[in-house]
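Coordinate inspection notes
The residues making up each chain are set out below.
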Amino acid sequence: MDMQALRQQQIMRATEIIRTDDFDVMPPRLIAGADVGFEQGGDITRAAIVILEYPSLKPVEYQLARIATQMPYIPGFLSFRETPALMQAWSQLELKPDLLYVDGHGISHPRRLGVAAHFGLLVDTPTIGVAKKRLCGEYQPLDAAPGSCQPLHHKGEKIGWVWRSKARCNPLFISTGHRVSHDTALQWVENVMAGYRLPEPTRWADAVASRRPAFLRWQQDS
């Protein structure tokens, strides 16, 4: 595998990311959450995308794709491993969202192309990265209170926010994916919270991917 070529591709694609607000519809009528996991010891990549109505945050469609994993896990190059399954799930959607939330980093990545930025660029949709762990960058300590927030910086550049969504929970790392500004990314994560650590779109995507009780109840009621 030519890692230098992949690195150059990341650097090139990162220049194509639109870091300002470029919405077709605002406020959005439909929002989506995307989550990727792996099965069978990593041999199968599983991607879930859930469409929710806004502002009710009611799920209205989901798609699940399972494909053979196309490359090994290499830190910093996760988007190349995850986007093929995400694209498969995206192609299966009957509805397309006005705003997309991806469980992962947007530009808060050493070369500014995490999976949320990469996928957002591929589907040319306003996208926000919502990651559970830091990949790079520094930030000041957060207060314990929900809503506490600090900018995330890397090599002198602001690349996102570190935001405590819930008391006694680790913070989230929120960043521009594509066609969304820093401030709007944070605002639109705040707009879709419902009392949990994760925003509703990625929480539902995780529920579908992992067949959690909330998803099974919804499936039963649908």
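Each value, and the rule that gives it
Residues numbered from 1 in each chain as written. Predicted model: local features only at pLDDT ≥ 70, side-chain atom pairs only at ≥ 80, totals over all residues. Heavy atoms only, no water. Buried < 20%, exposed > 50% of the residue type's maximum accessible area, 1.4 Å probe, protein only. Helix = DSSP H or I, 4+ residues; strand = E, 2+ residues; numbered from the N terminus. Pairing = 2+ DSSP bridges. Right-handed = clockwise from strand over helix to strand, strands pointing away. Core = buried A, V, L, I, M, F, W, Y, C linked by side-chain atoms within 4.5 Å. Contact = heavy atoms within 4.5 Å. UniProt positions renumbered as here; feature names shortened; annotations may be inferred.

1. What to know about the pairing of strand β4 (residues 99-103)
β4 sits mainly inside the fold: five of its five residues count as buried. Here β4 shows two buried faces, one formed by L99, Y101 and D103 and the other by L100 and V102. When strand β1 (residues 30-39) meets β4, the two strands line up parallel, connected through four bridges. If you follow I31 over to β4, its bridge partner there is L99. Here β4 runs beside strand β5 (residues 127-131); their pairing, made up of four bridges, is parallel. Paired with D103 across the two strands is V130, which belongs to β5. Crossover β4 to β5 through helix α3 (residues 115-123) is right-handed.

2. Things to note about the nonpolar core
In this structure, I31, L99, Y101, I128, W163, I174 and V189 are the most contacted members of the largest nonpolar core, which totals 27 residues. Within the residue set of this core, elements represented by two or more residues are β2 (44-53), β4, β5, β7 (157-163), β8 (172-178), α4 (182-190) and α5 (200-209). Counting residues per element, this core draws most heavily on α5, at five residues. Beyond its immediate sequence surroundings of up to four residues, L99 is in contact with F23, P28, L30, I31, A32, P126, T127, I128, V180 and W188.

3. What about the UniProt feature "binding site: Mg(2+)" (unreviewed entry) in the protein?
Under the UniProt annotation, the feature "binding site: Mg(2+)" (unreviewed entry) is placed at D35 and D103. For the annotated residues, spread through 69 residues, the largest C-alpha to C-alpha distance comes to 5.3 Å, consistent with a single compact locus. Position of D35 relative to the elements: it lies in strand β1. The residues contacting D35, other than those within four sequence positions of it, are R46, A47, A48, D103, A205, D206 and A209. Secondary-structure assignment places D103 in strand β4. Accessibility expressed as a relative area gives 17% for D103, which makes it buried.

4. So, the UniProt feature "site: Interaction with target DNA" (unreviewed entry) in the protein
UniProt tags Y73 as "site: Interaction with target DNA" (unreviewed entry). Relative to the helices and strands, Y73 is located in the loop between β3 (59-68) and α2 (78-92). Classification of Y73 as exposed rests on a relative accessible area of 53%. Filtering out sequence-adjacent residues up to four positions away, Y73 remains in contact with L78 and R81.

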